[in-house]
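One-letter residues, chain by chain:
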There are 2 protein chains.
Amino acid sequence: MAGAIDYRDHVGSNPEKMFKSTLFESSRLLLGLNCLEPGQSDRAHTHPEQDKFYFVLEGEGEFALGEDTLKAGAGQTIIAPAGVTHGVTNNGSGRLVILMGLTPWPGP
Amino acid sequence: MAGAIDYRDHVGSNPEKMFKSTLFESSRLLLGLNCLEPGQSDRAHTHPEQDKFYFVLEGEGEFALGEDTLKAGAGQTIIAPAGVTHGVTNNGSGRLVILMGLTPWPGP
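Since this is a predicted model, take the numbers as computed values, not measurements.

Trainee: Explain unusual backbone geometry here, please?
Mentor: For residues that are not glycine, phi is negative in most cases, and the peptide bond is trans in most cases. Here the amide bond leading from Thr-103 of chain A into Pro-104 of chain A is cis, since omega sits at -10°, within 30 degrees of zero. Looking at the element boundaries, Pro-104 of chain A is found in the segment after strand 10 (96-103).

Trainee: I'm lost on the nonpolar core in this one. Help?
Mentor: Looking at soluble globular proteins, one finds that nonpolar side chains tend to be buried together. Counting 28 residues, the largest nonpolar core has Leu-31, Phe-53 and Leu-99 of chain A together with Leu-31, Phe-53 and Leu-99 of chain B as its most contacted members. For this core, the secondary structure elements donating two or more residues are strand 2 (19-25), strand 3 (30-36), strand 5 (51-58) and strand 10 of chain A together with strand 2 (19-25), strand 3 (30-36), strand 5 (51-58) and strand 10 (96-103) of chain B. Apart from residues no more than four positions distant in its own chain, Phe-53 of chain B is found in contact with Leu-29, Leu-31 and Phe-53 of chain A together with Leu-31, Ile-78, Ile-79, Leu-99, Met-100 and Gly-101 of chain B.

Trainee: For this particular structure, what's the right way to read the relation of the copies chain A and chain B?
Mentor: In summary, the two copies of the chain are related to each other by a rotation about an axis coupled with a shift along it. Least-squares fitting of chain A to chain B yields an RMSD of 0.0 Å, with the transformation described by 0.0 Å of translation along the axis and a rotation of 180°. The superposition of one copy onto the other is thereby described by a two-fold rotation axis. An overlap of 100% is found between the interface residues of chain A and their copies at the interface of chain B, pointing to a shared contact surface.

Trainee: Is there a simple way to explain the sheet that holds strand 10 of chain A in this structure?
Mentor: As a general point, the strands of a sheet are linked pairwise by backbone hydrogen bonds and lie either parallel or antiparallel. In space, the six strands of this open sheet follow the order 2(A)-3(A)-10(A)-5(A)-8(A)-1(B), with antiparallel pairing throughout. The outermost strands of the open sheet, each flanked by one partner alone, are strand 2 of chain A together with strand 1 (5-6) of chain B. When strand 3 of chain A meets strand 10 of chain A, the two strands line up antiparallel, connected through seven bridges. Paired with Leu-31 of chain A across the two strands is Gly-101 of chain A, which belongs to strand 10 of chain A.

Trainee: Looking at this structure, I do not really get the pairing of strand 2 of chain A. What am I missing?
Mentor: Along a regular strand, successive side chains alternate from one face of the sheet to the other. Bridge analysis of strand 2 of chain A against strand 3 of chain A gives six bridges, and the strand direction is antiparallel. Looking at strand 3 of chain A, one finds that Glu-25 of chain A is bridged to Leu-30 of chain A.

Here is what the cut-offs are and how they apply
Residues numbered from 1 in each chain as written. Chains lettered and ligands numbered in written order. Predicted model: local features only at pLDDT ≥ 70, side-chain atom pairs only at ≥ 80, totals over all residues. Heavy atoms only, no water. Helix = DSSP H or I, 4+ residues; strand = E, 2+ residues; numbered from the N terminus. Core = buried A, V, L, I, M, F, W, Y, C linked by side-chain atoms within 4.5 Å. Buried < 20%, exposed > 50% of the residue type's maximum accessible area, 1.4 Å probe, protein only. Contact = heavy atoms within 4.5 Å. Least-squares fit on C-alpha atoms with pLDDT ≥ 70 in both. Pairing = 2+ DSSP bridges.

Any link to function would need more than the numbers given here.
Have a look at this one:
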């Protein structure tokens, strides 16, 4: 049986695009990290059948959610229920690290 | 459209038992806080059809997971896939605050 998973062991960066790391996946849940360097984005998209949550661990992000734009920092959650368009941009000065859950998880 | 949800607005305590607060619920996901004062427990139980994750936000906990006991502190995740018995005890000296996800969510 695996031990506790420390998110800090999964943080990373990709100069080309948002860095993703998987903490757990099953047919029910994808739980992972999204790491965005300053200026990076995950462009707005929609999951018709999945709910997504973002829980900000480090940094600050600007989240598109439907027609709205919301700012969130460490300790704040953004929820995109199924069918609601969402995306995120790191317009802060430090790395943005998000705990991300997508449920259910139809696979990559 | 609601704004960002700050978990610190949802922390609480109950002298009788673990305090729970819901951040979001749908048929796909229950996302909430579990807050345990020192000495409090959520006794071991099993969800045959749901995956659960615990992400520790504050404090330190001792988690039962199947036959094992795992310690986890802030920034660490414990996963209990469907069918795996799990529980948690706060045997630390401060409040234990956990972001908890259960998926899917058949309702209360």
